[in-house]
Amino acid sequence: GEYWGEYEGVKAKVYIKASEVERNSQKFLQLEDLKMDFSVKDIQMGIKNVHNGNAVLEAALNLFINSNSQELLKEM
């Protein structure tokens, strides 16, 4: 199926480790490591077009997904 999601209250922190490099007499930063922590206050997400439009399966999966949305988001 196709995934969809709506996220509100997103906060993110990005941590960058870089080193200085010089090319053609110009100085640049070269990325060495990138990490991101984030939180989402409200999530609505689900899937559609599951198994040739099986409405019962789609409803059950979307109920599960939205009941466990914070935990699923952490895994993604």
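Every chain's residues receive numbers from 1 upward, in the order its sequence appears when written. Thresholds applied to this predicted model are a pLDDT of at least 70 for local features of residues and 80 or more for the giving and counting of side-chain atom pairs; totals over whole chains, interfaces and linings are not thresholded and use all residues. Each side-chain value is worked out from all heavy atoms of the structure, with water and hydrogens disregarded.

Draft legend 1. Representation of the environment of Met76. Secondary structure follows DSSP: runs of H or I at least 4 residues long count as helices, runs of E at least 2 residues long count as strands, and numbering of each begins at the N terminus. Inspection of the secondary structure assignment puts Met76 in the segment after helix H2 (69-75). Accessible area is worked out with a 1.4 Å probe on protein chains only. A residue is then buried under 20% of its type maximum, exposed over 50%, and partly exposed in between. The exposure class assigned to Met76 is exposed, which follows from its relative accessible area of 63%. Between the C-alpha atom of Met76 and that of Gln44, which follows or precedes it by 32 residues, the distance is 15 Å. Contact between two residues is taken to exist if any of their heavy atoms lie within 4.5 Å; hydrogens are not considered. Excluding its chain neighbours within four sequence positions, the residues that come into contact with Met76 are Tyr3 and Met45.

Draft legend 2. Spatial organisation of helix H1 (residues 55-67). Between the first and last C-alpha of H1 there are 18 Å, a value that for 13 residues agrees with the 18 Å anticipated at 1.5 Å per step. Polar contact criterion, stated in full: a pair of N or O atoms within 3.5 Å, where within protein one must be able to donate a hydrogen and the other to accept it, and residues adjacent in sequence count only if both atoms are side-chain atoms. Sitting at the head of H1, Asn54 places a side-chain oxygen 3.2 Å from the backbone nitrogen of Val56. By definition here, a helix of n residues has an expected span of 1.5 Å times n minus one.

Draft legend 3. Up close: a nonpolar patch on the surface. Like-charged residues within 9 Å of one another, or nonpolar side chains (Val, Leu, Ile, Met, Phe, Trp, Tyr) within 5 Å, are grouped into patches, provided each residue has over 30% relative accessible area and no salt bridge. Only the protein chains shown count as cover for residues, and all accessible areas are computed by the Shrake-Rupley method using a 1.4 Å probe. Whenever Lys or Arg places a side-chain nitrogen within 4 Å of a carboxyl oxygen from Asp or Glu, that contact is recorded as a salt bridge. Together, Val14, Ile16, Leu31, Leu34, Met36 and Phe38 make up a nonpolar patch on the protein surface, roughly 610 Å² of accessible area in all. In terms of residues, the nonpolar patch owes the most to one element, strand S2 (residues 26-48), which gives four residues. Residue position: Val14 is located in strand S1 (residues 2-23). The partly exposed category is assigned to Val14, whose relative accessible area is 48%.

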